[in-house]
Amino acid sequence: MIEAQTLPTPTGPLALLAHEGVVVAAGFTADPHEMFARLSPRLQAHGLARVEDLGPAAQAVRDYLDGDLAALDRVEVEQPGTPTRQRLLTALREVPAGTTISYAELAERAGLPRTAARAAGSACAQNLIAPFVPCHRILPSTGGFGGYYYGTPVKRWLLTHEKALAPALVP
């Protein structure tokens, strides 16, 4: 069974989905079914059930919101992808809170050439486990915030919370 819990955050509800204690999806939505629909058919075959408390994953979110910015890093996550996508997702998880890098730098950290920035952007766009896999920490080298599946205001809030942005930069 895929277990789901929705937690309140200052930037809106966060749905968490876990299978056997491993987070397989997370996103800023009040409806866990939105995240469930993005899972592979193999995981969807397990079904979805809401639970009161996902335990360590939910506690990590609470700790993150309370200021322990490394709390989400300690939670086991799993999502599908090619070997290249997996390298990008691993490199993404290694970007520490409070910092941002460009898509080209993410590509390099995954062992790809800087010109693979588009592949890095694609990995971010298809990331199923925000903010545990912190695609919000990746910004375009041309400036601005770039895209974010849950909207730029959520991305800004996360970066400000992590002190990667000065509050004066947040409208």
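Up top is the structure.
Procedures and definitions
Here, residues in each chain are numbered from 1, in the same order as that chain's written sequence. Local features are withheld for residues below a pLDDT of 70 in this predicted model, meaning they are given only at 70 or higher, and side-chain atom pairs are given and counted only at 80 or more; totals for whole chains, interfaces and linings count all residues. No hydrogens and no water enter the side-chain calculation; it runs on all heavy atoms of the structure. Labels follow the DSSP assignment, with helices taken as runs of H or I lasting at least four residues and strands as runs of E lasting at least two, numbered in each case from the N terminus. Only heavy atoms matter for contacts: two residues are in contact if any of them lie within 4.5 Å across the pair. Pairing of aromatic rings covers Phe, Tyr and Trp, the last counted by its six-membered ring, and requires centre-to-centre distances within 6.5 Å; plane angles under 30 degrees mean stacked, over 60 mean edge-to-face, and any other angle means tilted. Only protein chains enter the calculation, and the probe is 1.4 Å; a residue is then buried if its accessible area is under 20% of its type maximum, exposed if over 50%, and partly exposed in between. By disulfide we mean two sulfur atoms from cysteines, separated by a distance within 2.5 Å. In this description, the arc belongs to the directions extending from the helix axis to the C-beta atoms. Basic side-chain nitrogens of Lys or Arg form a salt bridge, by our definition, when they fall within 4 Å of a carboxyl oxygen of Asp or Glu. Pairing between strands is defined by DSSP: at least two bridges between the two strands are required. Axis angles are defined between N-to-C directions and span 0 to 180 degrees, where every axis is a line fitted to C-alpha atoms and, for a helix, only to the segment in contact.

Caption draft 1: Seen up close, the environment of Thr-11. Tracing the backbone through its elements, the reader meets Thr-11 in the loop between strand S1 (2-7) and strand S2 (14-19). For the pair Thr-11 and Arg-156, spaced 145 residues apart in the sequence, the C-alpha separation amounts to 9.7 Å. Discounting chain neighbours no more than four positions away, the residues touching Thr-11 are Phe-28, Pro-153, Val-154 and Trp-157.

Caption draft 2: A look at the packing of aromatic side chains. Tallied over the entire structure, the rule returns three aromatic pairs. Ring centres of Phe-28 and Tyr-150 lie 5.8 Å apart, and the angle between their planes is 70°; on these two criteria the pair is classed as edge-to-face. On the criterion of sequence distance, the pair formed by Phe-28 in the loop between strand S3 (22-27) and helix H1 (32-36) and Tyr-150 in the loop between strand S6 (138-139) and helix H7 (152-161) is long-range, its members being 122 residues apart. The class of Tyr-150 is buried, set by a relative accessible area of 16%. Consider the rings of Tyr-148 and Tyr-150, whose centres lie 5.8 Å apart with planes at 70°: the pair is edge-to-face.

Caption draft 3: View of the state of the cysteines. This structure, assessed with the given rule, holds zero disulfides. Cysteine Cys-124 is unpaired, with the sulfur of Cys-135 as its nearest cysteine sulfur at 5.4 Å. Accessibility expressed as a relative area gives 9% for Cys-124, which makes it buried. A residue is classified by how much of its surface remains accessible, and Cys-135, at 7% relative accessible area, is buried.

Caption draft 4: Spotlight on helix H3 (residues 56-65). Those residues of H3 not exposed but buried are Ala-57, Ala-58, Ala-60, Val-61 and Tyr-64. One side of H3 holds all its buried residues, which, seen down the axis, span an arc of 155°. Elements in contact with the buried residues of H3: S1, S2, S3 and H7. Looking one or two places after H3, you find Gly-67, whose phi comes out positive at around 115°.

Caption draft 5: Summary view of the pattern of salt bridges. Per the counting criterion, the structure on display carries six salt bridges. Glu-105 is paired through a salt bridge with Arg-109; the nearest N and O atoms lie 2.8 Å apart. Of this pair, Glu-105 and Arg-109 both sit in helix H5 (residues 103-109), four residues apart, roughly one helical turn.

Caption draft 6: Structural view of unusual backbone geometry. The peptide bond linking Ala-130 to Pro-131 adopts the cis configuration, its omega dihedral lying at -5°. Topologically, Pro-131 is positioned in the loop between helix H6 (117-125) and S6. Phi at Glu-20 takes a positive value of approximately 55°, unusual for a residue other than glycine. When you line up the elements, Glu-20 lands in the loop between S2 and S3. With relative accessibility at 71%, the residue Glu-20 sits in the exposed group.

Caption draft 7: Up close: the sheet that holds S3. Strand order in this open sheet of four strands is S3-S2-S1-S4, and the pairing throughout is mixed. The strands lining the two open edges of the sheet, one partner per strand, are S3 and strand S4 (48-50). The average angle at which neighbouring strand axes cross in this sheet is 25°, direction not considered. Judged from the five bridges that link them, S2 and S3 form a sheet pairing that is antiparallel. Following the sheet pairing, His-19 is matched in S3 by Val-22. Across the sheet, H3 is in contact with S1, S2 and S3; its angle to S1 comes to roughly 20°.

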